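What follows is each chain in one-letter form.
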Amino acid sequence: MSPEARNLHWLLENLVEEVPGLLSVAVVSSDGLLLLSSDPRHAEDAGRAGADRPQGPRGSSADLATIVSGLGSLTLGAAKLMDGGGVKQTVIAMSGGSLMVMSISDGSLLGVHATADCDMSIVAYHMALFVGRAGHVLTPELRSELRQSMEARPAVEECAEVPRPRGPQDFGSHTAGSAQ
């Protein structure tokens, strides 16, 4: 795995570790393919002896990727119809949780499914950090590598197994606002 791919995995793991209440996180390419995912609840389930991969829509990374891609298309179409410019983020607040989607500079999307009691300002802040740090390195070559690695890995894999880079300094001095 390239250093850039390891760095993105580290950023995703950091997002999940730093923000309480996240159920599932997915990075989706502009054409709707899952590039990165972290589903903490499923990773815990997979760690139990003999546990099968949980099925169904709740928290599933593949399902989240599908929803994020669809929302991205829908909100982009709405913004075009309304002459509203580019879509920066979409938030859906439900009684049982929240879904937030942020655009990444290359057309990819970051989607987060969180619990109902999660502090959405903290979620938004950490998502913006991820977008700012990841947006400039998500090249077509890296997207291709990430797609291939998602296809090659088992259905559930913890990001902790990926070697970690030194830290956010590896991403330069880009800020969250630079990706928008």
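About the cut-offs
- Residues numbered from 1 in each chain as written.
- Predicted model: local features only at pLDDT ≥ 70, side-chain atom pairs only at ≥ 80, totals over all residues.
- Heavy atoms only, no water.
- Core = buried A, V, L, I, M, F, W, Y, C linked by side-chain atoms within 4.5 Å.
- Buried < 20%, exposed > 50% of the residue type's maximum accessible area, 1.4 Å probe, protein only.
- Helix = DSSP H or I, 4+ residues; strand = E, 2+ residues; numbered from the N terminus.
- Axes fitted to C-alpha atoms, helices over the stretch in contact; angles between N-to-C directions.
- Parallel < 35°, antiparallel > 145°, perpendicular 65-115°, else oblique.
- Contact = heavy atoms within 4.5 Å.
- Nonpolar A, V, L, I, M, F, W, Y, C, P; charged D, E, K, R; others polar.
- Left-handed = near helix turned anticlockwise from the far one by under 90°.
- Expected span 1.5 Å × (residues − 1).
- Arc of directions from axis to C-beta.
- Pairing = 2+ DSSP bridges.
- 1 Å grid on protein atoms, 1.4 Å probe; cavity = no way out; pocket = protein on both sides within 12 Å on 5 of 7 lines; lining within 4 Å.
- Points joined across faces, edges and corners; volume = space filled by probe spheres on them.

## Notes on the nonpolar core
If you look at the biggest cluster of nonpolar residues, it comprises 31 residues, and the most contacted ones within it are Leu-8, Leu-22, Val-25, Leu-110, Val-112, Phe-130 and Leu-146. Taken together, the elements giving at least two residues each to this core come down to α1 (3-18), β1 (22-28), β2 (34-38), β4 (97-103), β5 (109-114), α4 (120-134) and α5 (140-152). Ranked by size, the runner-up nonpolar core spans nine residues in total, among them Val-28, Leu-64, Leu-71 and Val-101.

## Quick notes on the packing of α1 against α4
Relative to each other, α1 and α4 sit at 175 degrees, their axes nearing to 10 Å. Regarding the angle of α1 to α4, the classification is roughly antiparallel. Residue-level contacts link Leu-8, Leu-11, Leu-12, Leu-15 and Glu-18 of α1 to His-126, Met-127, Phe-130, Arg-133 and Ala-134 of α4. Classifying every residue of the contact of α1 with α4 gives seven nonpolar, one polar and two charged.

## Thoughts on the packing of α1 against α5
Geometrically, a packed helix pair is captured by the angle between its two axes and the distance between the axes. Here α1 crosses α5 at 70 degrees, and the two axes come no closer than 10 Å. Regarding the angle of α1 to α5, the classification is roughly perpendicular. Every pair of crossing elements has a handedness; the one defined by α1 and α5 is right-handed. On α5, the residues that touch Glu-4, Ala-5, Leu-8 and His-9 of α1 are Leu-142, Glu-145 and Leu-146. Residue classes in the contact of α1 with α5 are distributed as four nonpolar, one polar and two charged.

## Looking at α5
Count 3.6 residues to each turn of an α-helix, and residues three or four apart come out pointing the same way. Between its first and last C-alpha atoms α5 spans 18 Å; for 13 residues at 1.5 Å apiece the expected length is 18 Å, and the two agree. When we look at burial in α5, the residues that qualify are Leu-142, Arg-143, Leu-146, Ser-149 and Met-150. Projected down its long axis, α5 shows its buried positions confined to an angular sector of 130 degrees, all on one face. For α5, the exposed residues lying more than 90 degrees away from the buried face are Pro-140, Glu-141, Gln-148, Glu-151 and Ala-152. Buried residues along α5 sit against α1 and β2.

## A word on the pairing of β4
Counting buried positions over the seven residues of β4 gives six, a clear majority of the element. Judged from the six bridges that link them, strand β3 (residues 89-94) and β4 form a sheet pairing that is antiparallel. Considered in β4, the bridge of Val-91 is made with Met-100. Between the end of β3 and the start of β4, which pair antiparallel, lie two residues. Pairing of β4 with β5, which is carried by six bridges, proceeds in the antiparallel orientation. Considered in β5, the bridge of Val-101 is made with Gly-111.

## Focus on empty space enclosed by the protein
Vacant regions in the atomic arrangement are exposed by a probe of water-molecule size rolled over the atoms. Using the criterion set out here, one finds one cavity of 30 Å³ or more in the structure. Considering only enclosed or pocket space, the largest cavity measures out at about 70 Å³ in volume. What lines the largest cavity is Leu-11, Asn-14, Leu-15, Glu-18, His-126, Leu-129, Phe-130 and Arg-133. Among the elements of the structure, α1 and α4 are those that each provide at least two residues to the lining of the largest cavity. Considering only residue class, the lining of the largest cavity consists of four nonpolar, two polar and two charged.

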